[in-house]
Amino acid sequence: MDGLTTAAYVVAAILFILSLGGLSGQESAKRAVWYGISGMALAIAATLIGPGSGYWVLSLLLLTGGGAIGYQLATKVQMTQMPELVAAMHSLVGLAAIFVGFIAHFEMYRVAALIAENADMSELGTFAILIAKKTTVELNILRIELFLGIFIGAITFTGSIIAYGKLSGKVNSAAQKLPGGHFLNIGAAVVSVITLVWYFNTGGFAPLFFMTLAALFIGYHLIMGIGGADMPVVVSMLNSYSGWAAAAIGFSLGNDLMIVVGALVGSSGAILSYIMCKAMNRSFVSVILGGFGGPQGEQMAVEGEQIAIDADGVATALEEADSVIIIPGYGMAVAQAQQNVAELTRRLRAKGKVVRFAIHPVAGRLPGHMNVLLAEAKVPYDIVMEMDEINEDFPTTDVAIIIGSNDIVNPAAQDDPNSPIAGMPVLECWKAKQVFVSKRGQGTGYSGIENPLFFKENTRMFYGDAKISLDALLNKIA
Amino acid sequence: MKIGTPKELFDGENRVAMTPASAVELQKLGHECIVETQAGVASGFSDKSYKEVGVEVVKTAAALWKTADVIAKVRVPNDDEMKRLHADQTLISFFSPVADDDKMKTAAQKGATVVAMEMIPRISRAQKMDALSSMANIAGYRAVIEAGNHFPRFFTGQITAAGKVPPAKVLVIGAGVAGLAAIGTATSLGAITYAFDVRPEVSEQVESMGAQFVFLDFDEDQKDGSETGGYAPVSSPEFAAAQLAKFCEIAPDMDIVITTALIPNRAAPELWTEDMVKAMKPGSVIVDLAAEKGGNCKLTVMDEKIVTNNGVTIIGYTDFPSRMAAQSSTLYATNIRHLLTDLTPAKDGVISHNMEDDVIRGATIVHAKTVTFPPPPPKVQAIAAKPKVKAVELTASQKRATETLAFKTQTKNQITLLAVGGSILLLAGLVAPASFMQHFIVFVLSIFIGFQVIWGVAHSLHTPLMAVTNAISSIIILGALVQIGSGSFFVILLASLAVFMTGINIFGGFLVTRRMLAMFQKS
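Here the structure is a predicted model, which means the values were calculated and not measured. (Residues numbered from 1 in each chain as written. Chains lettered and ligands numbered in written order. Predicted model: local features only at pLDDT ≥ 70, side-chain atom pairs only at ≥ 80, totals over all residues. Heavy atoms only, no water.)

Caption draft 1: Main features of the overall build of chain A. When helices and strands are counted, chain A shows 18 helices and six strands. Burial analysis of chain A (478 residues in total) assigns 57% to the buried set. Considering only intrachain contacts with a sequence separation of at least 6, the fraction spanning at least 24 residues in chain A is 78%. (Helix = DSSP H or I, 4+ residues; strand = E, 2+ residues; numbered from the N terminus. Buried < 20%, exposed > 50% of the residue type's maximum accessible area, 1.4 Å probe, protein only. Contact = heavy atoms within 4.5 Å.)

Caption draft 2: Representation of the overall build of chain B in the model. Counting secondary structure elements, chain B contains 18 helices and 17 strands. Looking at chain B as a whole, 49% of its 523 residues qualify as buried. Looking at chain B alone, contacts between residues at least 24 apart form 63% of all its contacts between residues at least 6 apart. A total accessible area of about 24,400 Å² is found for chain B, and carbon and sulfur atoms account for 59% of it. (Areas by Shrake-Rupley, 256 points an atom, 1.4 Å probe, with all protein chains shown as cover.)

Caption draft 3: Main features of a nonpolar patch on the surface. Where nonpolar side chains cluster on the molecular surface, the patch consists of W198, F205, F209, F210 and L213 of chain A and spans about 470 Å² of accessible area. Relative to the helices and strands, F210 of chain A resides in helix α8 (residues 205-224). (Patch = residues over 30% accessible without salt bridge, like charges linked within 9 Å, V, L, I, M, F, W, Y side chains within 5 Å. Salt bridge = Lys/Arg side-chain N within 4 Å of Asp/Glu carboxyl O.)

Caption draft 4: Local environment of the pairing of strand β1 (residues 2-5) of chain B. All names here are of chain B. The pairing of β1 with strand β2 (residues 32-36) spans four bridges and is parallel. Paired with K2 across the bridge in β2 is E32. A crossover links β1 with its parallel partner β2, the connecting element being helix α1 (residues 20-28), and its sense is right-handed. Two elements, β1 and strand β4 (residues 70-72), share two bridges in a ladder whose sense is parallel. What sits directly across from I3, in β4, is V70. (Pairing = 2+ DSSP bridges. Right-handed = clockwise from strand over helix to strand, strands pointing away.)

Caption draft 5: Region of interest: the side chain of S322 of chain B. Residues and elements named next belong to chain B. Among the structural elements, S322 can be located in helix α11 (residues 320-323). Given a relative accessible area of 3%, S322 falls into the buried group. Among the polar contacts made by the side chain of S322, one reaches the main-chain carbonyl oxygen of G12 at a distance of 3.0 Å. In this view, S322 contacts G12, E13, N14, R15 and S328; residues no more than four positions away in its chain are not counted. (Polar contact = N/O pair within 3.5 Å; in protein donor to acceptor, adjacent residues only side chain to side chain.)

Caption draft 6: Focus on the packing of helix α4 (residues 82-117) of chain A against helix α6 (residues 136-168) of chain A. All names here are of chain A. The interhelical angle for the contact between α4 and α6, taken along N-to-C directions, is 155°, at an axis separation of 7 Å. Comparing the axis directions of α4 and α6 gives the class roughly antiparallel. Relative to α6, the crossing made by α4 is left-handed. Residues belonging to the contact of α4 with α6 are distributed by class as follows: 19 nonpolar, ten polar and two charged. (Axes fitted to C-alpha atoms, helices over the stretch in contact; angles between N-to-C directions. Parallel < 35°, antiparallel > 145°, perpendicular 65-115°, else oblique. Left-handed = near helix turned anticlockwise from the far one by under 90°. Nonpolar A, V, L, I, M, F, W, Y, C, P; charged D, E, K, R; others polar.)

Caption draft 7: View of the interface of chain A and chain B. Facing 114 residues of chain A, the contacting portion of chain B comprises 86 residues. Between chain A and chain B the total buried area reaches about 8,900 Å² when both faces are included, carbon and sulfur atoms providing 77% of it. In this structure, the connection of chain A to chain B is made through one salt bridge. A salt bridge links R337 of chain B to E320 of chain A, with the shortest nitrogen-to-oxygen separation between them at 3.9 Å. Linking chain A with chain B are 13 residue pairs in polar contact (both at pLDDT 80 or more). Broken down by class, the residue content of the side of chain A that touches chain B amounts to 68 nonpolar, 30 polar and 16 charged. (Buried area = accessible area lost by both parts, 1.4 Å probe.)

Caption draft 8: Summary view of the environment of Y141 of chain B. Residues and elements named next belong to chain B. Within the secondary structure, Y141 is located in helix α6 (residues 131-150). In this structure, the C-alpha to C-alpha distance between Y141 and F320, residues 179 residues apart in sequence, is 8.9 Å. If we ignore the near neighbours within four places in the chain, the residues touching Y141 are A181, A182, T185 and M324.

Caption draft 9: Summary view of unusual backbone geometry. Residue and element names in this part refer to chain B. Looking along the chain, the bond that leaves F373 and enters P374 is cis, with omega of -10°. Relative to the elements of secondary structure, P374 occurs in the loop between β17 (370-371) and α14 (396-431). Backbone geometry at D303 places phi at a positive 65°, although glycine is not the residue there. Within the secondary structure, D303 sits in the loop between β13 (285-288) and β14 (305-307).

Caption draft 10: Empty space enclosed by the protein, seen in detail. Residues and elements named next belong to chain A. Summed over all chains, the structure comprises one cavity of 30 Å³ or more. Surrounding the largest cavity, V314, I401, I403, F436, V437, S438, F462, L470 and L473 form its lining. Listing elements by their share of the lining of the largest cavity, those giving two or more residues are β4 (399-403), β5 (434-439) and α18 (466-476). At three residues, β5 tops the list of elements feeding residues into the lining of the largest cavity. (1 Å grid on protein atoms, 1.4 Å probe; cavity = no way out; pocket = protein on both sides within 12 Å on 5 of 7 lines; lining within 4 Å. Points joined across faces, edges and corners; volume = space filled by probe spheres on them.)

Caption draft 11: Main features of the sheet that holds strand β10 (residues 192-196) of chain B. Residues and elements named next belong to chain B. The seven strands are arranged β11-β10-β9-β12-β13-β15-β14 in an open sheet whose pairing can be described as mixed. Of all the strands in the sheet, the pair left with one neighbour each is β11 (212-213) and β14. Where strand β9 (residues 169-173) lies against strand β12 (residues 256-259), four bridges are found, and the strand directions are parallel. Looking at the pairing, L171 lines up with V257 of β12.

Caption draft 12: Fine view of the environment of D288 of chain B. Residue and element names in this part refer to chain B. With respect to the helices and strands, the residue D288 is situated in strand β13. Sequence spacing of D288 and A261 is 27 residues, and the spatial spacing of their C-alpha atoms is 9.0 Å. The residues contacting D288, other than those within four sequence positions of it, are T259, G295, N296, C297, T300, I315, G316 and Y317. Polar side-chain contacts of D288 include one of 2.8 Å to the side chain of T300.

Caption draft 13: Layout of the nonpolar core. Ranked by internal contacts, the top residues of the largest apolar core, which has 186 residues, are L257, L318, I327 and F394 of chain A together with I475 of chain B. Among the elements that line this core, the one with the most residues is α4 of chain A, at 18 residues. Among residues more than four places away in sequence, those in contact with L318 of chain A are V324, L344, L348, K353, V399, I401, L473 and I477 of chain A. Membership of the second largest hydrophobic core comes to 37 residues, among which are A17, V115, V359 and A363 of chain B. (Core = buried A, V, L, I, M, F, W, Y, C linked by side-chain atoms within 4.5 Å.)

Caption draft 14: Up close: the packing of aromatic side chains. For the structure on display, the rule yields 23 aromatic pairs over all chains. With centroids separated by 4.7 Å and ring planes inclined at 55°, the aromatic side chains of F213 of chain B and F215 of chain B adopt a geometry described as tilted. Judged by relative accessible area, F213 of chain B falls into the buried class, the value being 9%. Looking at F215 of chain B, the relative accessible area reads 46%, which means it is partly exposed. Counting every residue linked through ring pairs, the aromatic cluster contains F102, F106, W198, F205, F209 and F210 of chain A together with F490 of chain B. Stacked on the ring of F10 of chain B, the Lys or Arg R75 of chain B has its end atom at 4.2 Å from the ring centre. Above the face of the Y317 of chain B ring, R323 of chain B is positioned so that its terminal group lies 3.8 Å from the ring centre. (Phe/Tyr/Trp six-rings, centres within 6.5 Å; stacked < 30°, edge-to-face > 60°. Lys NZ or Arg CZ within 6 Å of the ring centre and 35° of its normal.)

Caption draft 15: Representation of the pairing of β5 of chain A in the model. Residue and element names in this part refer to chain A. Summarising burial for β5: five of the six residues are buried, a large majority. Examined bridge by bridge, β4 and β5 share five bridges and lie parallel to one another. Note on β5: the bridge partner recorded for I401 is F436.

Caption draft 16: Geometry of the sheet that holds strand β16 (residues 364-367) of chain B. Residue and element names in this part refer to chain B. Pairing in this open sheet of eight strands is mixed, and the strands run β3-β2-β1-β4-β5-β6-β16-β17 from one edge to the other. What marks the edges here is a single partner per strand, and that holds for β3 (56-58) and β17. Across two bridges, the pairing between β16 and β17 is antiparallel. Within β17, the position partnered with H367 by the bridge is T370. Each of β1, β4, β5 (90-93) and β6 (113-116) is contacted by helix α12 (residues 325-343), which is oriented at about 145° to β5, the strand it contacts most.

Caption draft 17: Quick look at the pattern of salt bridges. Residues and elements named next belong to chain B. Evaluated as defined, the whole model comprises 25 salt bridges over all chains. As a salt-bridge pair, R15 and E13 come within 2.8 Å of each other at their nearest N and O atoms. A salt bridge links R199 to D197; the nearest nitrogen and oxygen atoms lie 3.0 Å apart. In this pair, the class of R199 matches that of D197, namely buried. Each of R142, E146, D319 and R323 takes part in one network of salt bridges that share partners.

Caption draft 18: Fine view of the confidence of the model for chain A. Across chain A, the average pLDDT comes to 83, with 91% of residues at or above 70. Ignoring residues within four places in sequence, the model shows residues 292-296 of chain A, a span with pLDDT below 50, making nine contacts including any to other chains. (pLDDT = per-residue confidence, 0-100.)

Dropping the structure here:
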């Protein structure tokens, strides 16, 4: 049976790789998710019938129970709440990693005790037998692997819970730190290193326990110090961590499939974090350590005034326009305005106008968040463009509509070398003939930087809640 | 406020300053609209069509002038109309403030406000009210049509069974709004079009419309036209001589010449001399859009069409927009409507004449009993951005050099990474036991595959990617399943919890991914 399980694992690993690779296009992705599902089913089935597992009725029951809850979550969740859901799920992976790590530790302890007594070992489970065969060096490596698995799992657990709280509004989304700031994090990291040495030498439970507490604190405090708009980076980073935790546990259990999947997920999250950081022109470290590195000098003064416009004016301009580009941001998700945006798009398209969407990589609170929201509202994906695809089309566009985004359309990123966001790639919407900005009030964006776009001659401010404003606009456009 | 539009009294004027469509928009601003009966008939808008959109139609001009708070019209008011103008009334119209000094003073004495449409500053914000441009556009189009009407051949070249027809050659002098419109019309009719302007920087616009720019053999630092409000400045004698020589050279070739050169507040410059007319072939046509200001050709007779002794037709009409009254009324009425939108900032039907506003100040020539012409220079100066200094083009060898450099750094980076990664692996292999190294190889290869695969994921699918990776990272369940059967109660409890939680994750993650992917639909 051992061979069969290994063979099944190989097939499952290939299915997982195909599943991720299939996400390169919308149509192939629909098939790819089935690869993932079959891979997972195969892996679980092979493990259940494979050597060493017991209580498999109990396992199946628990799995079904969890599955029922998962089903409820997946079918009920609003697309605007996707970031929260993803963060919450990461926390579960983190917690599971801690538990599995602890179990491995207990097993190791028990086997060591049995060996010391020279007791009968035929009754032991697979994992225990595996441990029993290990040499001292291998046991030491196992301790490090376990330690790492629990450490990363614990950071993922509390970090994801805080990220969930911030995304769902249950925790204040502003960057907050306890007095002491990063020294507390450094302190916790030092404690972890000390406990590692301690655990390596003794193999006792106490160092493992203290390390877990320290790691839980790091996860909590690190994410508390990161503000709302940096959440895309945070969520993808936690995604990456959940993968590394799985890989580390895979090492300690000697399970190759867990290592493969952990490495896939880990590198996927790492790449996403990298893309997000690149889109903000900031280094990963500066995002994780929180806050914007203050302005490097005198910022350009913004001249002019913000000119307001009402729904009538916007409607007239849209009637006259031939090409329209809509730039959605987190404000659209907050106001739940995606259905109205989609309706506006349908009506304008029915009149023969070219309507497209420009999506900045960090728009929203999750990588690709805006795409999912628009897809939910039945906006066809072939008119939803990435920044690089559409940025050159703005000069030939009649109207650009900005709904609830701010920093990603800030011309200061290009014009003002002293701006804190200088060099960040932005959507050059101000090159369109007319720009309408749907915005609640005159405040600044997440970064607290004044946006010169709002003061440009071809910009009109369409104040008010995005959903209510769009409702008013839809009444004017038949 | 009541906005009234009388019937135009000028002979042959067919336009009207308010159309039913513009009346609808004006009413949205909170105004009431009235028109004199038959005002729109010449441009194709019946009294009935006005009534249908809620515009009041009054019988006489006198009644209209009496009741309306704002009079919107096209032509300069004549003496009768000036008599009807009364205190606190706003008149929006073409006014030619330089020529009609007396009328301006009369209006000031009466306490009326006069907004002259030709005085709208030529800044980008005011383009929507720039009636000179919208009318010039029509004049340019119509000039070509009129020329075609008198030109005895095709515009486009044809090869037919009955023989070969050469294409007509059209020269457009002055590439302003009218000139560009003429170029566009002539090229789309199939003529070979040439264009000339004293501002060489417009050559790009000319070429974009499909004409060839006629360059002079002349070297002088030209003044940038954008500094003089979009008009060409007066040129130097040397320049004029070079221009004359060039025109003499090409005159015999040209079938149709359209001149549009105007200099603000001066007589039109003479560009097409009698000699050039004589050099042209019989049947050729000259359309002089500057006829009102004396003409770019000295033979032009204002408002008339003449034929010279050598058979060249010269058209000096000044009423081109009026000849297309429906089109020009629509555009003019929209210009007026945009102006009134700026004059009614609160959209409550109350005119607020803000003399601080550049556009309104510039166009207002009489206000509060004083003549306010000429206006001070506008606060916003340039109408066109200064041309940017072009980035220096890299030569082929420089390009190759940068490419090789980029390639070299890339290679260097990759080799460094490989070397560092490889040596770390080797070091690990030195100390670690073989059983660990086996797993480690799997781990490193998986990361490598992960990086290769994930870069190909579409940006729009990043959220599904996170959801699906979330689901598969629950592979941790294997660890719990393997251990659940072995050992103490505590182990079973922890393992059960782990199985339960990962179960939530597996089902939740995959299902939500599927739900999301199903939403992505093509149009």
